[in-house]
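# Structural description and commentary
Listed below are the residues making up each chain.
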Amino acid sequence: MNNQKPQLMYILPNLFTAASAFLGVVSIIASIRGEYEKAIIWIILSLILDGLDGRVARLTKTTSKFGVEFDSLADLVAFGVAPAILFYLTIGEQFGRFGVLASAMFVVFGAIRLARFNVTTGTYEPNVFIGLPIPTAAIISALYVGVYVNYDLKGFEWLYLFMQCVLAVLMVSNIRYPSFKKVNLQQAHVMRILVGLVIAFSMLYLYPLESAVIVMSVYVFYGIIRTFVMFLKNQKKES
């Protein structure tokens, strides 16, 4: 019995990973059926499960190479294929081969992002991501599609096509994004974090889609603006 308990503990985080991949497939099927809002919800739920698997593995001290590889494969389904299919069936299909290309780029660059993350983990500071994480890109793509569907934004399809390509390129870029994996929970910061969370959840309650789009967009543009500012500073130093 003593030997069985550790083995069962290894199953738990991988169970969350499997559930995340499962919901990714459910999202793809919902998109094919034309149930786009459900497809977005399944991607968001998949993100929650994906966030839990790593934390459960660290808490139970059951991290493994198998778990890392399994997580990457699940992420490619849930955050690569699922949002790409959602985008194509709502917007990309109108552009023929260009729509296919934008959707395929998102999946392929997402796979490259996952592979690079696996081989470079531990070689740079743990509080940043190099390139936009694929779960973040997936959620942004899905939320933008949600805005398009809910507000019937006809005439902005070219902008959406461009944004999908930008998200794909950001995943394989060297732009640094904050990780939030090691949040400082010292006493001096607890009150600020609590107030911020209350405000964020209040806005999400009142305007869930719109608030989520604003927060995620700020995150994306933060990395781009920060990189541009650092570039200008380096140019000044060199001159």
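Everything quoted here is computed from the prediction, not taken from an experiment.

### Thoughts on the overall build of the protein
Within the protein, the regular secondary structure consists of eight helices and two strands. Sequence-distant contacts, at least 24 apart, represent 78% of the contacts inside the protein between residues at least 6 apart.

### Structural notes on the nonpolar core
General note: in soluble globular proteins, nonpolar side chains tend to be found buried as a group. In this structure, I43, L86, I91, L132, L143, Y160 and Y177 are the most contacted members of the largest nonpolar core, which totals 42 residues. Residues in contact with Y177, not counting those within four places in the same chain, are N127, V128, F129, G131, L132, L170, Y219, V220, G223 and I224.

### Structural notes on the packing of aromatic side chains
For the structure shown, the criterion picks out five aromatic pairs. Summarising the aromatic geometry, the rings of F95 and W158 are spaced 4.6 Å apart at their centres and angled 65° between planes, so their arrangement reads as edge-to-face. Here the residue F95 occupies a position in the loop between α3 (65–90) and α4 (97–120), and W158 occupies one in helix α6 (residues 157–171), the gap between them amounting to 63 residues. Classification of F95 as buried rests on a relative accessible area of 13%. With centroids separated by 5.3 Å and ring planes inclined at 65°, the aromatic side chains of Y148 and Y160 adopt a geometry described as edge-to-face. With Y148 in helix α5 (residues 134–151) and Y160 in helix α6, this pair connects stretches of sequence that are twelve residues apart. The exposure class assigned to Y160 is buried, which follows from its relative accessible area of 7%.

### Comments concerning the packing of helix α2 (residues 36–59) against α3
Following both chains from N to C, one finds α2 and α3 inclined at 165°, their axes separated by 11 Å at the closest point. The orientation of α2 relative to α3 falls into the category roughly antiparallel. Viewed along their axes, α2 and α3 form a crossing whose handedness is left-handed. Within the contact between the two elements, α2 uses Y36, A39, I40, I43, S46, L47, D50 and D53 and α3 uses D71, D75, A78, F79, A82, P83, L86, L89 and T90. For the contact of α2 with α3, the per-class residue count stands at eleven nonpolar, two polar and four charged.

### Let's talk about unusual backbone geometry
In this model, D152 sits at a positive phi of 50°, which is unusual for a non-glycine residue. Topologically, D152 is positioned in the loop between α5 and α6.

### A word on the UniProt feature "transmembrane region" (unreviewed entry) in the protein
UniProt's entry tags residues 12–33, 39–56, 68–89, 95–115, 127–146, 158–177 and 189–207 with the feature "transmembrane region" (unreviewed entry), counted in the numbering of this structure. Secondary structure content for residues 95–115 is 90% helix and 0% strand, while the C-alpha to C-alpha distance between its ends is 30 Å.

### Considerations on the environment of Y144
By the element assignment, Y144 lies in helix α5. Look at Y144 and you get buried, because its relative accessible area is 15%. For the pair formed by Y144 and Y160, sequence separation is 16 residues and the distance between their alpha carbons is 8.0 Å. For Y144, the residues in contact, after removing those within four places along its chain, are Y160, M163, V213 and S217. In this structure the side chain of Y144 is engaged in a polar contact, spanning 2.6 Å, whose partner is the side chain of S217.

### Some points on the packing of α4 against α5
Close contact between α4 and α5 brings their axes to 10 Å; oriented N to C, the two are set at 155°. What the angle tells us is that α4 and α5 run roughly antiparallel. Facing F106, G110, R113 and L114 of α4, the residues of α5 in contact are I134, A137, A138 and S141. The residue inventory of the contact of α4 with α5, partitioned by class, reads five nonpolar, two polar and one charged.

Cut-offs and rules
Each chain carries its own residue numbering, running from 1 in the direction its sequence is written. Since the coordinates come from a predicted model, pLDDT governs what is reported: local features require at least 70, and pairs of side-chain atoms require 80 or more to be given and counted, while whole-chain, interface and lining totals use all residues. To get the side-chain values, all heavy atoms of the structure are used, and hydrogens and water are removed first. Runs of H or I in DSSP of at least four residues are treated as helices and runs of E of at least two as strands, each being numbered from the N terminus. In this description, contact between two residues means that some pair of their heavy atoms is separated by no more than 4.5 Å. In this text, buried Ala, Val, Leu, Ile, Met, Phe, Trp, Tyr and Cys residues form a nonpolar core when linked through side-chain atoms within 4.5 Å. Burial status follows relative accessibility: with a 1.4 Å probe on protein chains alone, a residue under 20% of its type maximum counts as buried, one over 50% as exposed, and anything between as partly exposed. Centre distance within 6.5 Å is the pairing criterion for rings of Phe, Tyr and Trp, where only the six-membered ring of Trp is used; planes under 30 degrees apart are then read as stacked, over 60 as edge-to-face, and the remainder as tilted. Axis lines are fitted to C-alpha atoms, over the contacting stretch for helices. Their N-to-C directions set the angle, which ranges from 0 to 180 degrees. By definition in this entry, angles of less than 35 degrees are roughly parallel, angles greater than 145 are roughly antiparallel, angles of 65 to 115 are roughly perpendicular, and the rest are oblique. For any pair of crossing helices, the crossing counts as left-handed if the nearer helix is rotated counterclockwise from the farther one by less than a right angle, and right-handed if it is rotated clockwise. Each residue is assigned to one of three groups, with Ala, Val, Leu, Ile, Met, Phe, Trp, Tyr, Cys and Pro labelled nonpolar, Asp, Glu, Lys and Arg labelled charged, and all others, Gly among them, labelled polar. UniProt positions are given in the numbering used here, feature names are shortened, and annotations may be inferred rather than shown by experiment. Definition of a polar contact: a pair of N or O atoms within 3.5 Å, with one able to donate and the other able to accept a hydrogen when the atoms are protein atoms, and with sequence-neighbouring residues admitted only if both atoms are side-chain atoms.

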